[in-house]
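Fold and geometry: a report
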Amino acid sequence: MIGSGIPTTACTGLCGPLFVEFPYGYEGILNIIYVSLYVSLTAVALSTVFSITVAVLVGFNDFPGRGFVIALINTGMGLPSVVVGLVVLFAVSNQGPLGQAGFHLVFTREAMIMSQFVLATPVITGISLAAVTGVDDGIRDAAHAMGGRRLDVALVTIREARYGILTGVLAGLGRAISEVGSVLIVGGNIEGQTRTLTTAIQLEARQGRFELALVLGVVLVALVLLINGLLLKLGDRQIR
Amino acid sequence: MKGGVTNQAVTVADGLALSGVYHGFDDTDVLTDVSLAVGREEVLAIIGPSGTGKTTLLGLLSLFDDPDEGTVEFGGEDVWSLSERERLNVRRQIGMVFQEPHLFDGSVRRNVRYPLDIRRPWADRIRNWLPRFGHRSANPVVTEQLELVGLDDAASRHVSSLSGGEAQRVAFARALSYDPEFLLLDEPTSDLDPRNTAVIEDAIETARSRGVGVVIATHDMHQAERVADRTAVMLDGSIIEHGPTQQVFDDPTDRRARKFIDGELIY
């Protein structure tokens, strides 16, 4: 049986709200949650801005290679995270372009943000593209006919497609925050600096501390639920 | 001139006009040598069978497309020779109502206010997006336009709660909210019951009395007789008859126009 004979950290006394003793203390777990949220939310926020812009540009413009770009986006949805991690690690290493340009990003949160950005972007872009191209042409025509500029028409379209775009953002966030392969490679799972919930779960599970790993898993799921709920609430606001 | 009738009205100085226009899609000609103009404070009806080019003609008048040949003129100037900014100013003096209402998701108020919002400086618009500073109170312009179409008590309703006729009336109020000089109507009442049709026709009359020049494309000849000062008959992408409405209906000069008006030309 996996883990038999390995001491666990099950709480026998008053151990705090999570009923488990953490080897790195509650400050440590708070730091892990902070790093997870900081990295994933930053990556998804940047990716959302980028993805919506790309979705609108690709959705409403005809240009040579448009089909290829769409195929690329769809292919990107299935990118293996370990491969993304490897590519980002190379890019930020001393041999890579960013390393040679003088940036010191190996085993940093910024490198983790880069890898999560790469993973989340095709998901958010692909779903947003489907959402904006699904908006009735008549809506865009109406905005244009009333004197709207290109930006006004784009904003109306984004607003009409907001539920679909929100679905894309949630899917991208799910991809980013639950990701372990690439953040492990580019972040290095350094305690207090680049350790996230997923890399901590992986570490604790490997060390046989299943209760701890499970509690961290519950925290992760609760965070995802909370963020999804908040975003859905935001998207569901009645438009005046 | 090839085909079509020579159109004296194309010289309307402060009007919106097409002059010698040819236009098509995918190597198919839709409009052939069309010349037509509407002045302020008049209603011009364009009648003709479905698929004859009425919507394409309105698309050119509303500056959605530039014509393959010929000119679109506003106040005597070729609109497509203007800069983009100048053309935007022209577009903002033309309103349009489509066959479908095409309302934005949100309240009736938001829809009628939208054209006013996009004319405001960006700083104002961004401030308006912030809930704390948002304008939730009644806007007198919005109220006035909704009164015009008999929906002054509907400002807070979500568009999904409107009937088809009410939605089209909101679309009409929205197109008039920014006080355009010209209003283009593409089969605006084709899906409406007689009551809603009457409301829209009254609103057309009110718009005309305010100085708006109205172009209405319709396949309802009775509607053209009711609302239009002048009527143009379109067939196969050309204007085949054009003149004062009563003259066109009572004594058309073109044989095909006579057949169409008499209901013998069925498409």
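Residues numbered from 1 in each chain as written. Chains lettered and ligands numbered in written order. Predicted model: local features only at pLDDT ≥ 70, side-chain atom pairs only at ≥ 80, totals over all residues. Heavy atoms only, no water.

Considering the packing of helix H2 (residues 66-76) of chain A against helix H5 (residues 109-133) of chain A
All names here are of chain A. One way to put it is that H2 packs onto H5 with a least axis distance of 8 Å and a crossing angle of 125°. Relative to H5, H2 is oriented oblique. For H2 against H5, the interelement crossing comes out left-handed. Contact with H2, carried on its side by Ile70, Ile73 and Gly76, involves Pro122, Thr125, Gly126 and Leu129 of H5 and no other residues of that element. The class makeup of the residues in the contact of H2 with H5 is four nonpolar, three polar and no charged. (Axes fitted to C-alpha atoms, helices over the stretch in contact; angles between N-to-C directions. Helix = DSSP H or I, 4+ residues; strand = E, 2+ residues; numbered from the N terminus. Parallel < 35°, antiparallel > 145°, perpendicular 65-115°, else oblique. Left-handed = near helix turned anticlockwise from the far one by under 90°. Contact = heavy atoms within 4.5 Å. Nonpolar A, V, L, I, M, F, W, Y, C, P; charged D, E, K, R; others polar.)

Side note on the sheet that holds strand S10 (residues 238-244) of chain B
Residues and elements named next belong to chain B. With mixed pairing, six strands are arranged side by side in an open sheet as S6-S7-S8-S3-S9-S10. Of all the strands in the sheet, the pair left with one neighbour each is strand S6 (94-97) and S10. For this sheet, the mean inter-axis angle between neighbouring strands, taken without regard to orientation, is 15°. Sheet topology places S6 next to strand S7 (residues 182-186); four bridges connect them, and they run parallel. Residue pairing for S7: Val97 is matched across the bridge by Leu185. (Pairing = 2+ DSSP bridges.)

A look at the interface of chain B and chain A
In this complex, chain B contributes 32 residues to the contact, which on the side of chain A involves 25 residues. Both sides together, the interface formed by chain B and chain A hides about 2,400 Å², and carbon and sulfur atoms give 53% of it. At the junction of chain B and chain A, the tally comes to three salt bridges. Note that Arg125 of chain B is salt-bridged to Asp152 of chain A, the shortest N-O span being 2.8 Å. Elements with a minimum of two residues in the side of chain B that touches chain A: helix H2 (84-91), S6, helix H3 (108-117) and helix H4 (122-129) of chain B. Here the residues of the side of chain B that touches chain A are counted per class, giving 15 nonpolar, seven polar and ten charged. (Buried area = accessible area lost by both parts, 1.4 Å probe. Salt bridge = Lys/Arg side-chain N within 4 Å of Asp/Glu carboxyl O.)

Considering the pairing of S10 of chain B
Residue and element names in this part refer to chain B. Along S10, six of the seven residues are buried, which leaves the element largely enclosed by surrounding structure. Pairing geometry for strand S9 (residues 230-235) and S10, over six bridges, is antiparallel. Counted as the bridge partner of Arg230 is Pro244 from S10. Remark: two residues form the turn of the hairpin made by S9 and S10, two consecutive strands paired antiparallel; Asp236 in that turn has positive phi of roughly 50°. (Buried < 20%, exposed > 50% of the residue type's maximum accessible area, 1.4 Å probe, protein only.)

A look at the side chain of Glu187 of chain B
All names here are of chain B. Assignment of secondary structure puts Glu187 in the loop between S7 and helix H7 (194-209). The exposure class of Glu187 is buried, given its relative accessible area of 8%. Setting aside chain neighbours within four positions, we find Glu187 in contact with Lys54, Gln99, Ala217, Thr218 and His219.

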